[in-house]
Amino acid sequence: MGDIREPAPKPSISTEINTSTRVIHAELNKLITARIPLALPQCAKDTSLYALGLSVFARIYIDIEEALDELAQEHPLERRDHSRAVVRWLMTLRTHGLARKSRLQNDLRSLGAKVPPARTQVALGAISDNIDNCLRHKPHVLIAYMWVMYMAIFSGGRHLRKELSRAGPGFWPSPKSFASMGSFSDLSRPGYTFLSFDGKSDGEDIKADFKTRLTEGDALLSEDERREAVEAADELFRLCVDIVTALDEEVRERAEVKRNWLQGVGWLGAAIVGIYLALSLW
């Protein structure tokens, strides 16, 4: 008789998401990495471009965490047994120190950031609608949003924070407030505190706890729920690419408006000088 081999273990939901999104993830990472230097000195004189981008992506984190807040306040008998189990699992994923909402809001205030530009509203609206649908009907899909967005901070946050810290105190609003805060590489710097975590491990312990708890509830998901979560992660990455494209268009338009304004000022100045000379000669 031939060997009877046990079937290969099913990959975790996080592995399935990573495998499915590898190409689009690499595309988004390349787009963002290429644009970080454009928002910092020497290319940028102030934080306006950085604040513009942050105002958009912060909205995604805030929507996720507000959905989780609403789930936490929900009466447990409002859902069928399986859905209740998934929601309880989601609540365990909210490990202490993971939430980014308050830090992002403080960073946006320190930067004087305004609402996300209109060009990004289509993609942001789609993401918000998806999260709302998860909240109402498919809470398991929120796992994909949490995995993609929080792991983005854990995986690339330190690199981004390092790049931002190199901008120096003169680049950031209210530089006087930095005087008593020591080295500018401190993790509590207003403007990008959302990239830092409390504790001596700088988030490594939080990341490990998050991944462990995600694995612990993995078996709760049916095949259809796993597929929906993976599809949601794919769509989230595609919508984030759309957001970057929309931000590019917004920045180009702002640059064009500024260029036209400067040209207009130049023409106005020339006209004033011409009038002055004409009157003088007259």
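Before reading on, note that the structure itself is shown above.
A brief report on the enclosed structure follows. Predicted model, so just to flag it, every value in this text is computed and none were measured. (Residues numbered from 1 in each chain as written. Predicted model: local features only at pLDDT ≥ 70, side-chain atom pairs only at ≥ 80, totals over all residues. Heavy atoms only, no water.)

Here the focus is the packing of helix α3 (residues 48-72) against helix α4 (residues 81-93). Packing of α3 against α4 brings their axes to within 10 Å, and their N-to-C directions diverge by 125°. Relative to α4, α3 is oriented oblique. For the pair α3 and α4, the crossing hand works out as left-handed. In contact with Leu68, Leu71 and Ala72 of α3, α4 contributes Val87, Leu90 and Met91. Looking at the contact of α3 with α4 residue by residue, the classes come out as six nonpolar, no polar and no charged. (Axes fitted to C-alpha atoms, helices over the stretch in contact; angles between N-to-C directions. Helix = DSSP H or I, 4+ residues; strand = E, 2+ residues; numbered from the N terminus. Parallel < 35°, antiparallel > 145°, perpendicular 65-115°, else oblique. Left-handed = near helix turned anticlockwise from the far one by under 90°. Contact = heavy atoms within 4.5 Å. Nonpolar A, V, L, I, M, F, W, Y, C, P; charged D, E, K, R; others polar.)

Further remarks concern the environment of Arg158. Residue placement: Arg158 occurs in helix α7 (residues 142-165). Of the residues examined, Arg158 reaches a relative accessible area of 30% and is grouped as partly exposed. Once the C-alpha coordinates of Arg158 and Leu195 are considered, the two residues, 37 residues apart in sequence, prove to be 7.0 Å apart. Each residue touching Arg158, except ones within four places of it in the same chain, is listed here: Ile153, Ser201, Asp202, Gly203 and Glu204. (Buried < 20%, exposed > 50% of the residue type's maximum accessible area, 1.4 Å probe, protein only.)

The next thing to look at is the packing of aromatic side chains. Given two aromatic rings, one states the distance between the centres and the angle between the planes to describe the pair. This model, assessed by the stated rule, comprises seven aromatic pairs. When the ring of Trp172 is compared with that of Tyr192, the centres are 5.2 Å apart and the planes differ by 55°; the resulting orientation is tilted. One end of the pair, Trp172, is in the loop between α7 and α8 (204-216); the other, Tyr192, is in the loop between α7 and α8, with 20 residues separating them in the sequence. Residue Trp172 shares its accessibility class with Tyr192, and that shared class is buried. A connected cluster of aromatic rings, assembled from ring pairs, spans Tyr50, Phe171, Trp172 and Tyr192. (Phe/Tyr/Trp six-rings, centres within 6.5 Å; stacked < 30°, edge-to-face > 60°.)

Our focus in this paragraph is the side chain of Glu65. By the element assignment, Glu65 lies in helix α3. When residues no more than four places from it in sequence are discounted, the contact partners of Glu65 are Arg94, Leu98, Ala99, Arg100, Lys101 and Tyr150.

Turning our attention to unusual backbone geometry. For the bond running from Pro41 to Gln42, omega is 10°, close enough to zero to count as cis. Its location among the elements puts Gln42 in the loop between α2 (22-35) and α3.

Of all hydrophobic cores here, the largest spans 72 residues; its most connected members are Tyr50, Ile60, Tyr145, Met146 and Ile243. Ignoring any residue separated from it by four or fewer positions in sequence, one finds Met146 in contact with Ile64, Leu68, Leu90, Leu93, Leu98, Met151 and Phe210. (Core = buried A, V, L, I, M, F, W, Y, C linked by side-chain atoms within 4.5 Å.)

On their own, these measurements won't tell you what the molecule is for.
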